[in-house]
Amino acid sequence: MNNKNEKLRLTVKAALFAAMLCVLSPLTIPAGAVPFSLSLAAVYLCGAFQTPLYAVASTVCYLILGACGLPVFSNFSGGIGKLIGPTGGYLFSYPLTALAVALSVKLFKKRSVLSLSVGMTVGCLLSYTCGTLYYMAIGSVSLGAALASCVVPFIWFDVLKIVFCTALGTLVGRRMEKNI
């Protein structure tokens, strides 16, 4: 495959992952200031199946679409207000999270249970850090209060997302390699 076709393939793939983010992210379960959502799972998959550059591009495209007002953020919301609101730090962490997963796959030189679970765990911790610090700054709340409302209730759900996305990434990755 020539370089032009490869770039087109990667760009289309990035657009499809951005679309996946747009479809999954609005689906939420209200849980106080920060809802339960599938967006982080979609971000993990962006990193699991793309190069670092294109994984970041997918998530940035998603953020731009949401900033423009498309209802792609939690609870079918959109606009700049969501980015600068209390949960904006989590949204801004998506490119870093996708990058962590993609870099882990690249560093381990394969998509495996180990590379995916390490990348997703690091990505989750990055998301927690960015989101919690931003929440503290915007809401003028203490670290303990921010952790109590933004991290602790979500740990079990995020562990399940990591397990599911690791299994899916490994299984689909194996099938993709057989078909190439």
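Cut-offs and rules
- Position numbers for residues count from 1 along each chain, tracking the sequence in the order it is written.
- Predicted model: local features are reported for residues with pLDDT of at least 70 only, side-chain atom pairs are reported and counted for 80 or more only, and whole-chain, interface and lining totals are derived from all residues.
- Only heavy atoms go into the side-chain values, all of them from the structure, while hydrogens and water stay out.
- Runs of E in the DSSP output that reach at least two residues are strands. Runs of H or I that reach at least four are helices, and both are numbered from the N terminus.
- Only protein chains enter the calculation, and the probe is 1.4 Å; a residue is then buried if its accessible area is under 20% of its type maximum, exposed if over 50%, and partly exposed in between.
- We define the nonpolar core as a collection of buried residues of types Ala, Val, Leu, Ile, Met, Phe, Trp, Tyr and Cys that are connected through side-chain atoms lying within 4.5 Å of one another.
- Note on contacts: a residue pair is in contact if any heavy atoms of the two residues lie within 4.5 Å.
- Polar contacts, as counted here, are pairs of nitrogen or oxygen atoms within 3.5 Å of one another; within protein the pair requires one atom able to donate a hydrogen and one able to accept it, and residues that are adjacent in sequence qualify only if both atoms are side-chain atoms.
- Whenever Lys or Arg places a side-chain nitrogen within 4 Å of a carboxyl oxygen from Asp or Glu, that contact is recorded as a salt bridge.
- In a helix, the anticipated span is given by 1.5 Å times the number of residues less one.
- Geometry of aromatic contacts follows a simple scheme: Phe, Tyr and Trp rings, the Trp one being its six-membered ring, pair when their centres are within 6.5 Å, and the pair is stacked under 30 degrees between planes, edge-to-face over 60, tilted otherwise.
- To obtain an axis, a line is fitted to C-alpha atoms, over the contacting stretch when the element is a helix, and the angle between two such axes runs from 0 to 180 degrees between their N-to-C directions.
- Any angle that is under 35 degrees is reported as roughly parallel, and any over 145 degrees as roughly antiparallel; angles of 65 to 115 degrees are reported as roughly perpendicular and all others as oblique.
- Each crossing gets its hand from how the near helix is turned against the far one by less than a right angle, where anticlockwise is left-handed and clockwise is right-handed.
- When residues are sorted by character, Ala, Val, Leu, Ile, Met, Phe, Trp, Tyr, Cys and Pro go into the nonpolar class, Asp, Glu, Lys and Arg into the charged class, and all the rest, Gly among them, into the polar class.

Visitor: Got a sec to walk through unusual backbone geometry? Specific residues and values, please.
Guide: Peptide bonds are mostly trans, and most non-glycine residues show a negative phi. In this structure, phenylalanine 76 takes a positive phi of about 55° despite not being glycine. Here phenylalanine 76 is to be found in the loop between helix H3 (52–67) and helix H4 (80–84). By relative accessible area, which is 53% here, phenylalanine 76 ends up exposed. Residues other than glycine seldom take positive phi values, yet serine 140 does so here, at roughly 50°. Counting through the fold element by element, serine 140 comes out in the loop between helix H6 (113–139) and helix H7 (143–150).

Visitor: Explain the nonpolar core to me, using residue names and the numbers behind them.
Guide: Counting 38 residues, the largest nonpolar core has Tyr44, Tyr62, Phe73, Leu91 and Met120 as its most contacted members. Of all the secondary-structure elements, those providing two or more residues to this core are helix H1 (3–24), helix H2 (39–49), H3, helix H5 (88–108), H6, H7 and helix H8 (155–179). Sorting elements by how many residues they give to this core places H2 first, with nine residues. If near-sequence neighbours (up to four positions away) are discounted, leucine 91 is found in contact with Tyr62, Leu63, Phe73, Lys82 and Leu83.

Visitor: Tell me what's going on with the side chain of serine 58, and back it up with residues and numbers.
Guide: Assignment of secondary structure puts serine 58 in helix H3. Under the relative-accessibility criterion, serine 58 is labelled buried at 1%. In terms of polar contacts, serine 58 uses its side chain to reach the backbone carbonyl oxygen of alanine 14, at 2.9 Å.

Visitor: Requested: an account of the pattern of salt bridges, with residues and values cited.
Guide: Going through the model one piece at a time under the given rule, you end up with two salt bridges. The shortest N-O distance in the salt bridge between arginine 9 and glutamate 6 comes to 2.8 Å. Of this pair, arginine 9 and glutamate 6 are both found in helix H1, three residues apart, which corresponds to roughly one turn of the helix. By relative accessible area, which is 38% here, arginine 9 ends up partly exposed. On the accessibility criterion, glutamate 6 (25% relative accessible area) is partly exposed. In this structure, the salt-bridge partner of aspartate 158 is lysine 161, at a minimum N-O distance of 2.9 Å. With aspartate 158 and lysine 161 both in helix H8 and three residues apart, the pair spans about one turn of that helix.

Visitor: Let's hear about H6: which residues, and what values?
Guide: For H6, with 27 residues, the first-to-last C-alpha span of 37 Å sits near the 39 Å given by 1.5 Å per residue. For H6, the set of buried residues is Ser115, Leu116, Gly119, Met120, Gly123, Cys124, Ser127, Tyr128, Gly131, Thr132 and Tyr135.

Visitor: Break down the packing of aromatic side chains for me, citing the residues and quoting the values.
Guide: The final tally for this structure, using the stated rule, is eight aromatic pairs. Pairing phenylalanine 17 with phenylalanine 49 gives two aromatic rings, centres 6.3 Å apart and planes at 15°, and the pair type is stacked. Highlighted residues: phenylalanine 17 in helix H1 and phenylalanine 49 in helix H2, separated in sequence by 32 residues. For phenylalanine 17, a relative accessible area of 13% translates into the label buried. Phenylalanine 49 sits in the buried class, given a relative accessible area of 8%. An aromatic cluster is present here, built from Phe36, Phe154, Trp156 and Phe157 joined pairwise through their rings.

Visitor: Any details on the packing of H1 against H3? Residues and values, ideally.
Guide: Interaxial distance between H1 and H3 falls to 8 Å at its minimum, and their mutual angle equals 45°. One element, H1, and the other, H3, form an angle in the oblique class. The handedness of the crossing between H1 and H3 comes out as right-handed. Where H1 approaches H3, its residues Lys7, Leu10, Thr11, Ala14, Phe17, Ala18, Leu21 and Cys22 are matched on the opposing element by Tyr54, Ser58, Thr59, Cys61, Tyr62 and Leu65. Of the residues in the contact of H1 with H3, the class split is 10 nonpolar, three polar and one charged.

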